Amino acid sequence: METDTMAHTPVNHPLRPLYRALSLIAGAYLVVFGVIGMIQTSGESFTGVTGVRVLGQESNMLWSILALIVGIVVVAAGAMGRNLDVAAGKYLGWTLLVIGSYELATNRTDANLFGFSMATVVVTYLVGLILILSSLYGKVAPQSQAGAPRQVREGRPA
């Protein structure tokens, strides 16, 4: 059994398809946001606040490109499976939370590189948390390596 995860992280969770679908929806949203954002922010400044609203959020070309790249990676990893979606969700989810925190701290300053508004910060946090959630419950392993369910380990009937 793989040792880089905590013992209480479930393997072969029964709701794995739901979490995988949520991850794919979050990735698809980022792809759509990135494509529309690139179209609407073309001709505007690459960084900083542009005032252009994309799907109810402010954006600039830099954030549109980054959202598109993250979305493509999430959708590709989710389509491939094989626990690649777990790794992508874990790392990209935390990356989105860091970006959201940075933009929350610099929202009304000149250091607002991605041109975020408060709505963009909230959506970035939500997408990051969805990716992290899906990575926590999306791990699969052969049944022989998955271990017993928690109830069986605790001596209760499954």
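Relevant structure appears above.
Residues numbered from 1 in each chain as written. Predicted model: local features only at pLDDT ≥ 70, side-chain atom pairs only at ≥ 80, totals over all residues. Heavy atoms only, no water.

1. A few points about the nonpolar core
Where we set the bar: Throughout this description, the term nonpolar core refers to a set of buried Ala, Val, Leu, Ile, Met, Phe, Trp, Tyr and Cys residues connected via side-chain atoms within 4.5 Å. Here's how the labels work: a residue is buried when its accessible area is under 20% of the maximum for its type, exposed when over 50%, partly exposed in between, all with a 1.4 Å probe on protein chains only. Secondary structure elements follow DSSP: runs of H or I of four or more residues count as helices, runs of E of two or more count as strands, with numbering from the N terminus. The contact criterion used is simple: two residues touch if any of their non-hydrogen atoms lie within 4.5 Å.
Counting residues in hydrophobic clusters, the biggest one holds 19 residues, and the most contacted among them are Trp63, Leu96 and Leu131. Where this core is concerned, the elements lending two or more residues are helix 1 (16-40), strand 1 (52-54), helix 2 (61-80), helix 3 (84-105) and helix 4 (118-137). Broken down by element, this core gets its largest block of residues, 5 residues, from helix 2. Those residues in contact with Trp63 that lie beyond four places of it in its chain are Phe33, Leu96, Ile99, Phe114, Phe116, Thr120 and Thr124.

2. A look at a nonpolar patch on the surface
Keep this limit in mind: Residues with no salt bridge and a relative accessible area higher than 30% make up the patches, which join like charges within 9 Å and nonpolar side chains (Val, Leu, Ile, Met, Phe, Trp, Tyr) within 5 Å. Reported accessibility uses the Shrake-Rupley method at a 1.4 Å probe radius. Residues are deemed covered only where the shown protein chains occlude them. One side-chain nitrogen of Lys or Arg within 4 Å of one carboxyl oxygen of Asp or Glu is enough to make a salt bridge.
Together, Leu15, Leu18, Leu22, Ile130 and Leu133 line one region of the surface with nonpolar side chains, adding up to about 370 Å² of accessible area. Contributions of two or more residues to the nonpolar patch are made by helix 1 and helix 4. Tracing the backbone through its elements, the reader meets Leu18 in helix 1. Residue classification places Leu18 among the partly exposed positions, given a relative accessible area of 47%.

3. Looking at the side chain of Ser134
This is how it is decided: Side-chain atoms alone can form a polar contact between residues adjacent in sequence; in general such a contact is a pair of N or O atoms within 3.5 Å, and within protein one must be able to donate a hydrogen while the other accepts it.
One can find Ser134 in helix 4. Note on Ser134: relative accessible area 7%, which makes it buried. A polar contact is formed between the side chain of Ser134 and the backbone oxygen of Leu131, at a distance of 2.9 Å. Ignoring sequence-local partners within four residues, the contact set of Ser134 consists of Tyr19 and Ser23.

4. Here's the deal with unusual backbone geometry
Although it is not a glycine, Leu55 sits at a positive phi angle of roughly 50°. For Leu55, the location among the structural elements is in the loop between strand 1 and strand 2 (57-59). Given a relative accessible area of 44%, Leu55 falls into the partly exposed group. In the Ramachandran plot, Arg82 falls in the positive-phi region, its phi being about 50° despite a non-glycine side chain.

5. Let's talk about helix 1
Our working definition: Between the first and last residue of a helix there are one fewer steps than residues, each counted as 1.5 Å, and that sum is the expected span.
Compared with the 36 Å implied by 1.5 Å per residue over 25 residues, the 36 Å span of helix 1 between its first and last C-alpha is a close match. Buried within helix 1 are the following residues: Arg16, Tyr19, Ser23, Ala26, Gly27, Leu30, Phe33, Gly34 and Gly37. Those residues of helix 1 that are buried lie in contact with strand 1, strand 2, helix 2, helix 3 and helix 4.

6. Here's the deal with the pattern of salt bridges
Opposite charge on two side chains lets them pair, provided their charged atoms get close. A complete count under the given rule lists 3 salt bridges for this structure. A salt bridge links Arg16 to Asp85, with the shortest nitrogen-to-oxygen separation between them at 3.2 Å. Residue Arg16 is located in helix 1, and its partner Asp85 is located in helix 3; the two are separated by 69 residues in the primary sequence. Look at Asp85 and you get buried, because its relative accessible area is 9%. What you see here is one network of salt bridges that share partners, running through Arg16, Arg20 and Asp85.

7. As for the environment of Ile69
Within the fold, Ile69 resides in helix 2. In the structure, Ile69 is positioned 39 residues away from Leu30 in sequence and 8.4 Å away in space, judged by C-alpha atoms.

8. Some details on the packing of aromatic side chains
As a reminder, the rule being used: Pairing of aromatic rings covers Phe, Tyr and the six-membered ring of Trp, with a centre-to-centre limit of 6.5 Å; geometry is then stacked below 30 degrees between planes, edge-to-face above 60, and tilted otherwise.
For the structure on display, the rule yields 5 aromatic pairs. Ring centres 4.7 Å apart and planes at 70° place the aromatic pair Trp63 and Phe116 in the edge-to-face group. Remark: Phe116 occurs in the loop between helix 3 and helix 4 and Trp63 occurs in helix 2; sequence separation between them is 53 residues. Ring centres of Phe114 and Phe116 lie 5.9 Å apart, and the angle between their planes is 45°; on these two criteria the pair is classed as tilted. Residue class for Phe114 comes out buried when judged on its relative accessible area of 12%. Connected via pairs of aromatic rings, a cluster forms that spans Trp63, Phe114 and Phe116.

That's the geometry; what it means functionally is another story.
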